[in-house]
Amino acid sequence: MPELPEVEAARRILEEHCVGREITLVDAAEDEKIFGGSSPQQLVAALQGRRLLAAGRKGKNLWLSLEGAGPMPLMHFGMTGYIAVRDAAGDVHIVAYENAPQGAGSWPPRFHKLLLHFGPHPDRPDRPASCELAYCDARRFGKVRLVDGDPAACEAITKLGWDPLLALPSLAQFGTALAAKGKGAARLKPLLLDQSFCAGVGNWVADEVLWQARLHPEQLLSELQPQHVEALHAALQHVVQVAVAANADSSKFPEDWMFHIRWGKKAGTLAGHKIDHITVGSRTSCYVPALQKLIGGGAAGKAAKAAKPAVSKKRKSKQAEEQDNQQQQQQQPQDRNEEAGEQQQLAEAAGSKARKQPVAAAGPAKQTGKRAAPAAAAAAPAARGRGTAKRRASQAEQQNETEDSTGGAAATGAEQQGSAAAEPATAAAAQGPAKGRRKQPAATSGAAAAGSSRKKRR
């Protein structure tokens, strides 16, 4: 992407070949995205017949200052925009940066959006008789806008920060500007890319400056010490001046520059150390981890950021455990209510079973009440168990059947043997389920006696 050095190189081409000449012909494409709504006819009316007095630049913006009243063209190259100039001899002058085509190629160049034809220079008869300018942009992220008055005074230019080539602040002013931006978690590379702070610095220039200053792209501004500020100031001035002096021709950049190996996220080494690529402020950043280390709280912040996922998982596990405990606490009252209901149903079933026992022939109603009490007593211990409802019901039925057989045997013995034999049977039944099991042999012998009595009757 064309940055300050590339745009400055384009401006110098215009100064060399086009400034002082009159625009004799304008050829503009129908492209609303590039021209922002200006039609080809409006561009012709605004530019044709006017003399180019100067080519101006601030940051990544380039403009043409024309003679007379009327709008001026303001240009931004976007990602793939560039300017080419062909002189009268047919030589093409172009800025040979990464995305621009290399060499002359055909004329007019492919993807050209605006062609300006210039006549003879009135004050320089020694110069070629004519030349042509072409603004080209394959991906159409660039802009050509007509602005009223002086382009340097329009909003798009006045909102920019200082230009490192035209108005680099002094070291003291630079340090003050960094301190003003160094609140909170502000980091170094995103600030350098902020055009309202420093106009013209793009991705490759920022990476080169940070490499020359040995500073990490994610360095916290608040942790910078005076020596770091001084190194950053010197590196910014050096990189911009060297790149501009080379007319943005990377083949003339120093061999130890990161520029030569930073592209394409490829592995490589610089000064004997591996390079790495990270994303900072949504931009790919190249740096040398062994030599560009985080300073102060920046290092602690990176370590905390790396440890954050583990802390998050632990917290998530704790939250899940708390939710499980809450669900268990909410479920416990419901379980207790269900158990109480089951106990009540079992008690009612046991009482109903006791009331249905065949005790009418055993004598007074008091004896029925005595047998009902053991049935209820048998149901209560079974209901207090923690087994399933089905198991508790089964136990109650087995207990009731035992009581029925015991009570029935005692009643039959009472019919045959009289009230004297009935009282021991009643006393045995009143002792409860556990004692009733131990007395089962006696009950069985009573039943056998009753059977023997029947045989005698027959």
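The shown structure was predicted, so the numbers you read here are calculated from the model rather than taken from an experiment. (Residues numbered from 1 in each chain as written. Predicted model: local features only at pLDDT ≥ 70, side-chain atom pairs only at ≥ 80, totals over all residues. Heavy atoms only, no water.)

Caption draft 1: Structural detail: the nonpolar core. Counting residues in hydrophobic clusters, the biggest one holds 41 residues, and the most contacted among them are Leu14, Cys18, Ile83, Leu116, Phe118 and Tyr135. Excluding residues that lie within four positions of it along the chain, Leu14 makes contacts with Val19, Ala55, Leu62, Leu64, Ile83, Val85 and Leu133. In this structure, Leu215, Leu224, Val229 and Phe253 belong to the second largest nonpolar core, which totals 33 residues. (Core = buried A, V, L, I, M, F, W, Y, C linked by side-chain atoms within 4.5 Å. Buried < 20%, exposed > 50% of the residue type's maximum accessible area, 1.4 Å probe, protein only. Contact = heavy atoms within 4.5 Å.)

Caption draft 2: Structural context of the packing of helix H7 (residues 203-213) against helix H8 (residues 226-245). Contact geometry of H7 with H8 gives a least axis separation of 8 Å together with a crossing angle of 130°. If you check the angle between H7 and H8, you find them oblique. Along this stretch, H7 crosses H8, giving a crossing that reads as right-handed. Every residue of H8 that contacts H7 at Trp204, Val205, Glu208, Val209, Leu210, Gln212 and Ala213 is listed here: Ala231, Leu232, Ala235, Leu236, Val239 and Ala243. (Axes fitted to C-alpha atoms, helices over the stretch in contact; angles between N-to-C directions. Helix = DSSP H or I, 4+ residues; strand = E, 2+ residues; numbered from the N terminus. Parallel < 35°, antiparallel > 145°, perpendicular 65-115°, else oblique. Left-handed = near helix turned anticlockwise from the far one by under 90°.)

Caption draft 3: Representation of the side chain of Gln219. In this structure, Gln219 sits in the loop between H7 and H8. Beyond its immediate stretch of four places on either side in the chain, Gln219 contacts Ala186, Arg187, Leu188, Leu224, Lys293, Leu294 and Ile295.

Caption draft 4: Spatial organisation of helix H3 (residues 40-47). Looking only at H3, the buried set comprises Pro40, Leu43, Ala46 and Leu47. On an axial view of H3, the arc spanned by its buried residues comes to 130°, and they lie on one face. Away from its buried face, by an angle of more than 90 degrees, H3 presents the exposed residues Gln41 and Ala45. Considering only its buried residues, H3 is in contact with strand E1 (23-28), helix H2 (32-35), strand E3 (61-66), strand E4 (72-76), strand E7 (112-118) and strand E9 (143-147). Just beyond H3, the residue with positive phi is Gly49, at close to 85°. (Arc of directions from axis to C-beta.)

Caption draft 5: Summary view of the packing of aromatic side chains. Across all of its chains, the model carries eight aromatic pairs by this definition. On the numbers, 5.1 Å between centres and 85° between planes, the contact of Phe253 with Phe259 is edge-to-face. Of the two residues examined, Phe253 and Phe259, each falls in the buried class. Of the aromatic side chains, those joined through ring pairs into one cluster are Trp204, Phe253, Trp257, Phe259 and Trp263. The ring of Trp263 carries Arg262 above its face, with NZ or CZ at 4.6 Å from the centroid. (Phe/Tyr/Trp six-rings, centres within 6.5 Å; stacked < 30°, edge-to-face > 60°. Lys NZ or Arg CZ within 6 Å of the ring centre and 35° of its normal.)

Caption draft 6: A look at the pattern of salt bridges. On inspection of all chains with the given rule, the structure shows 11 salt bridges. We note a salt bridge from Glu8 to Arg11, for which the minimum N-O separation is 3.0 Å. Residue Glu8 and its partner Arg11 are both found in helix H1 (residues 4-17); the two are separated by three residues, about one turn of the helix. Assessed through its relative accessible area of 3%, Glu8 is described here as buried. Using a relative accessible area of 18% as the deciding quantity, one classes Arg11 as buried. Here Arg140 and Asp31 are joined by a salt bridge, their closest N and O atoms 2.9 Å apart. Of this pair, Arg140 sits in the loop between strand E8 (131-136) and E9 while Asp31 sits in the loop between E1 and H2; the two residues are 109 residues apart in sequence, bridging distant segments of the chain. (Salt bridge = Lys/Arg side-chain N within 4 Å of Asp/Glu carboxyl O.)

Caption draft 7: Structural view of the sheet that holds E9. Strand order in the open sheet formed by four strands is E2-E3-E4-E9, with antiparallel pairing between adjacent strands. At either end of the open sheet lies a strand with only one pairing partner, and these are strand E2 (52-58) and E9. Pairwise comparison of adjacent strand axes, ignoring direction, gives a mean angle of 20° for this sheet. Pairing of E2 with E3 involves six bridges; the strand directions are antiparallel. Opposite Lys58, over in E3, you have Asn61 as the bridge partner. On top of the sheet, H1 reaches E2 and E3; it is set at about 170° to E2, its chief contact. Packed onto the sheet, H3 meets E3, E4 and E9 and runs at close to 55° relative to E9. (Pairing = 2+ DSSP bridges.)

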